[in-house]
Amino acid sequence: MQTPSKLLLENKAWSQDMIARQPNYFNELAKEQRPDFLWIGCADSRVPAETVVNAQPGEIFVHRNIANQVITTDFNCLSVLQYAISVLKVKHVIVCGHYGCGGVMAAMQPQSGDLLIANKWLLHIKDVYRLHQEELESIDPGKKTDRLVELNIVEQVYRLAHTSIIQSAWKHGHKPTIHGWVYGLNDGLIDELIKLDHNTQINPIYRYAD
Ligand code: CO
């Protein structure tokens, strides 16, 4: 079993190992960050952003929450998005969900009397379910969760496109591309479900007027 002191020991070993390989590693890294990617992922411990794409410190700006959601009243996610787009000028925003997502599975159940806060977070996934209820209830029940995982990822990509931050960057900024990815817990592989760029036609009701 892992203990916090084991983690601290591992940290020491990792730091020493990095310095042994590249004596200037931390000095260089400490100067600035210029990641090309913003990763919005699930908090699930089995889907660590950098690990699954073999990235190094400094390469990905990361935000994770339960079921990789972009909720437009969530200042945490929006602050990360604004900083990544306006200051870091990331070229790509990636929403990466995963099959077998516990948050999505929980959203398909009745609300829990014990998890009153988490319920409110999951309500947004219930809305995605309701939006696609006909399709979800017509497919093989065994595939329902995975399909809702996919639909939830696509929905978050559209929510990003509906923010003033992305629309303004598409119009006046550096035109980042938004990707919806799904990760397979069983094989460690990622598939792209959707990609939106600055040529995307946004539904007029979500468009910001000039
Ligand atoms: Co998850």
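Before any of the text, the structure's been laid out above.
Residues numbered from 1 in each chain as written. Predicted model: local features only at pLDDT ≥ 70, side-chain atom pairs only at ≥ 80, totals over all residues. Heavy atoms only, no water.

Caption draft 1: Region of the structure containing unusual backbone geometry. A positive phi angle, near 65 degrees, is found at Ala67, a position not held by glycine. Here Ala67 is to be found in the loop between β2 (60-65) and α4 (75-87). At Lys89, a residue that is not glycine, the phi angle is positive and equals roughly 55 degrees. Turning to its location among the elements, Lys89 is positioned in the loop between α4 and β3 (92-98). (Helix = DSSP H or I, 4+ residues; strand = E, 2+ residues; numbered from the N terminus.)

Caption draft 2: Representation of the side chain of Glu150 in the model. Along the chain, Glu150 turns up in helix α8 (residues 144-161). A relative accessible area of 17% means that Glu150 is categorised as buried. Sequence-distant contacts of Glu150, that is, excluding residues within four places in its chain, are made with Tyr99 and Leu193. (Buried < 20%, exposed > 50% of the residue type's maximum accessible area, 1.4 Å probe, protein only. Contact = heavy atoms within 4.5 Å.)

Caption draft 3: Representation of the coordination of the cobalt ion in the model. Within the protein, the cobalt ion binds to Cys42 (SG), His98 (NE2) and Cys101 (SG); these donor distances fall in the range 2.1 to 2.3 Å. Sequence spacing of the donors to the cobalt ion: C-x55-H-x2-C. Here Cys42 is found in strand β1 (residues 37-42), whereas its partner His98 is found in strand β3, with 56 residues between them in sequence. (Donors = N, O, S within 2.8 Å, 3.2 Å for Na, K, Ca; no water.)

Caption draft 4: Broad picture of the packing of helix α6 (residues 116-131) against α8. Across the interface, α6 lies against α8 with an axial gap of 10 Å and an inter-helix angle of 105 degrees. In terms of orientation, α6 lies roughly perpendicular with respect to α8. Of the residues in α8, those in contact with His124, Ile125, Val128, Tyr129 and Leu131 of α6 are Lys144, Leu148, Leu151, Asn152, Glu155 and Arg159. Within the contact of α6 with α8, the residues separate by chemical class into six nonpolar, two polar and three charged. (Axes fitted to C-alpha atoms, helices over the stretch in contact; angles between N-to-C directions. Parallel < 35°, antiparallel > 145°, perpendicular 65-115°, else oblique. Nonpolar A, V, L, I, M, F, W, Y, C, P; charged D, E, K, R; others polar.)

Caption draft 5: Up close: the pattern of salt bridges. Across all of its chains, the model carries nine salt bridges by this definition. Arg130 serves as the salt-bridge partner of Asp127, at 3.1 Å between the closest nitrogen and oxygen. Within this pair, Asp127 and its partner Arg130 are both found in helix α6, separated by three residues, close to a single helical turn. Notably, a salt bridge pairs Glu135 with Arg147, separated by 2.5 Å at the nearest N-O pair. With Glu135 in helix α7 (residues 133-138) and Arg147 in helix α8, this residue pair connects regions lying 12 residues apart in the sequence. You can call Arg147 partly exposed: its relative accessible area is 26%. (Salt bridge = Lys/Arg side-chain N within 4 Å of Asp/Glu carboxyl O.)

Caption draft 6: Representation of helix α9 (residues 164-172) in the model. Among the residues making up α9, those that are buried are Ile165, Ile166, Gln167, Ala169 and Trp170. Looking at the buried positions of α9, the neighbouring elements they touch are α4, β3, α8, β4 (177-183) and β5 (190-196).

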